[in-house]
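A closer look at the structure
One letter stands for each residue in the lines below.
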Amino acid sequence: MNTMFSRILPPLALALLCSFSMPGTAAQDVIFGQVASQTNPASAANAKGLAVGIQAYFDKVNAGGGIVGNKLKLVTLDDGLQGPKMIELTQQLIADKSVAGLLGFLNSAGLAEIAKQDLPAKNGVALIAPLQGDKNVIGAGNIFPLRSGYADEVSTLLKEAKTWDKDAIAIVNMNIAFGPALAKVATQLSEALGIKIVANPVLDATPEKLDASVKAAVAAVSAIKPKAILVLAAGKPANEFIKAVRDAPGGSVQIYGLSVLLHDVLVKAVGPEKARGIVLSQAVPYPFVPTKTIITEFQADMKKFAPGEPVSFSSLEGYMGAKIAAEAVRRAGPSPTRASVLSALSNLGEYNLGGIFVSYSATQRKGWGGVDLSIINASGVLQK
């Protein structure tokens, strides 16, 4: 079970793992539970990256003898990117008292429901570094964010647009997840920056309605001819819109997108030529150039503990989340419990991950807060 990669286990296997171990080893296991789908195509790349990054850091700690002899373990459960399934698996992890904390969750709908039900706070468990930027999620009780919020990304993109005199833009948002809320945020921020919103078509993510809504959105944007388009969407709605708008009159317009618009998936969907020049915000630091101590450390540990696995934004995010979790275990005493890990996080204060800081207290939990900008080049490669 102690491999370089996270364990992807069905519920029964998790129960067996948590109830049975070799004699003399159970006390050394500090288990963190993750719910993220490596089987759903929409989340597979990010989910695997998160798990690989977490496991690389855990393996590094364990190779050095663990933390006061305690070994860190990750158990990953697959919810198929279904919100109700995430709730079910989260409740299962919470019910197992050997799980010291939750880490690296991925599923916007599921996380929104976890926050709505206040599951971490009601059950006295920490949820560390979910891949989520919705303030309603990361602001919920006992959730300890790492990445910047979606509003931070939108603000940075709009300021970039203003810098390049893109003062008349179209906002195109999908009608689910973060889309509607961020469209309102973008409208408010645009007004403050002196940017005019000339169109705001909405993409209907319902499968049978998506095609028609894409055509309508492209027609609306083409008729107005904005100086730029801010795409507040991800997955198929975003990809289909971008592919269609590039083929329309005036399709060479500058496009801005959020970090959830994964560049490799986008390039594969629309082709390098149509993706070229799209500027994407990034809610975690750029992982490919060692400009900060954490990036140098991360790259070295990926080579040593996850050879063959790609360096990516999500693997860096998992790695940093694991570093936060490990620090909480260090401060939780020689026999870490769920309660002591939560207490350690709640009193962490400002913590330096290596040039990147988070700050957690009993009253306020702040993630990195920074946003990097990147651009897709002619070869379809993301560069800073």
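Further up the page is the structure itself.
Everything numeric here is computed off the predicted structure, so don't read it as measured data.

What counts, and at which threshold
- Residues numbered from 1 in each chain as written.
- Predicted model: local features only at pLDDT ≥ 70, side-chain atom pairs only at ≥ 80, totals over all residues.
- Heavy atoms only, no water.
- Pairing = 2+ DSSP bridges.
- Helix = DSSP H or I, 4+ residues; strand = E, 2+ residues; numbered from the N terminus.
- Contact = heavy atoms within 4.5 Å.
- Axes fitted to C-alpha atoms, helices over the stretch in contact; angles between N-to-C directions.
- Phe/Tyr/Trp six-rings, centres within 6.5 Å; stacked < 30°, edge-to-face > 60°.
- Buried < 20%, exposed > 50% of the residue type's maximum accessible area, 1.4 Å probe, protein only.
- Lys NZ or Arg CZ within 6 Å of the ring centre and 35° of its normal.
- Parallel < 35°, antiparallel > 145°, perpendicular 65-115°, else oblique.
- Nonpolar A, V, L, I, M, F, W, Y, C, P; charged D, E, K, R; others polar.
- Salt bridge = Lys/Arg side-chain N within 4 Å of Asp/Glu carboxyl O.
- Polar contact = N/O pair within 3.5 Å; in protein donor to acceptor, adjacent residues only side chain to side chain.
- Expected span 1.5 Å × (residues − 1).

1. Concerning the sheet that holds strand 13 (residues 349-352)
Taken in spatial order, the three strands make up an open sheet running 13-14-15, and their pairing is antiparallel. Two strands lie at the open edges of the sheet, namely strand 13 and strand 15 (365-366), each paired on one side alone. Pairing analysis gives two bridges linking strand 14 (residues 357-360) to strand 15, with the strands arranged antiparallel. Of the residues in strand 15, the one forming a bridge with Ser359 is Lys366. On the sheet, helix 14 (residues 313-331) packs against strand 13 and strand 14 and is oriented at approximately 125° with respect to strand 13.

2. Quick notes on the packing of aromatic side chains
When we look at a pair of aromatic rings, we describe it by the centre distance and by the angle of the planes. Enumeration over the complete set of coordinates arrives at eight aromatic pairs. Both rings, one in Phe288 and one in Phe313, keep their centres 5.8 Å apart while their planes meet at 90°; by these two values the pair is edge-to-face. Remark: Phe313 occurs in helix 14 and Phe288 occurs in the loop between strand 12 (279-282) and helix 13 (293-305); sequence separation between them is 25 residues. We classify Phe288 as partly exposed; its relative accessible area is 34%. Taken together, the ring pairs connect Tyr57, Phe298 and Tyr319 into an aromatic cluster. Over the aromatic face of Phe144 sits the side chain of Arg365, whose NZ or CZ is 5.7 Å from the ring centroid.

3. Observations regarding the packing of helix 2 (residues 44-63) against helix 13
Running from amino to carboxyl end, helix 2 crosses helix 13 at an angle of 80°, the nearest separation of the two axes being 9 Å. Here helix 13 runs roughly perpendicular to helix 2, going by the angle between their axes. Between helix 2 and helix 13, the contacting residues are Val52, Ala56, Tyr57, Asp59, Lys60 and Ala63 on the first element and Glu297, Asp301, Met302 and Phe305 on the second. Looking at the contact of helix 2 with helix 13 residue by residue, the class counts come to six nonpolar, no polar and four charged.

4. What about the pattern of salt bridges?
What the rule picks out here adds up to 14 salt bridges. Between Lys73 and Asp29 there is a salt bridge; the shortest N-O distance is 3.9 Å. Residue Lys73 is found in strand 3 (residues 71-77), and its partner Asp29 is found in strand 2 (residues 29-35); the two are separated by 44 residues along the sequence. Here Lys323 and Glu297 are joined by a salt bridge, their closest N and O atoms 2.9 Å apart. Of this pair, Lys323 sits in helix 14 while Glu297 sits in helix 13; the two residues are 26 residues apart in sequence, bridging distant segments of the chain. Owing to a relative accessible area of 10%, Lys323 belongs among the buried residues under this scheme. Residue class for Glu297 comes out buried when judged on its relative accessible area of 17%. Salt bridges sharing common partners tie together Lys60, Glu297, Asp301 and Lys323.

5. A closer look at unusual backbone geometry
Positive phi outside glycine occurs at Leu81, with the angle close to 65°. Taking the relative accessible area as the measure of exposure, Leu81 reaches 26% and is therefore partly exposed. In this structure, Asp165 is a non-glycine residue whose phi angle is positive, near 60°. Position of Asp165 relative to the elements: it lies in the loop between helix 7 (150-163) and strand 7 (168-174).

6. Observations regarding the side chain of Ser43
Examined against the element boundaries, Ser43 turns out to sit in the loop between strand 2 and helix 2. Here Ser37 takes part through its backbone oxygen, which lies 2.8 Å from a polar atom of the side chain of Ser43. Apart from residues lying up to four places away in sequence, Ser43 is in contact with Ser37, Leu81 and Leu106.

7. A word on helix 7
Compared with the 20 Å implied by 1.5 Å per residue over 14 residues, the 20 Å span of helix 7 between its first and last C-alpha is a close match. Looking one or two residues past helix 7, Asp165 carries a phi angle of roughly 60°, positive in sign.

Keep in mind these values describe shape, not function.
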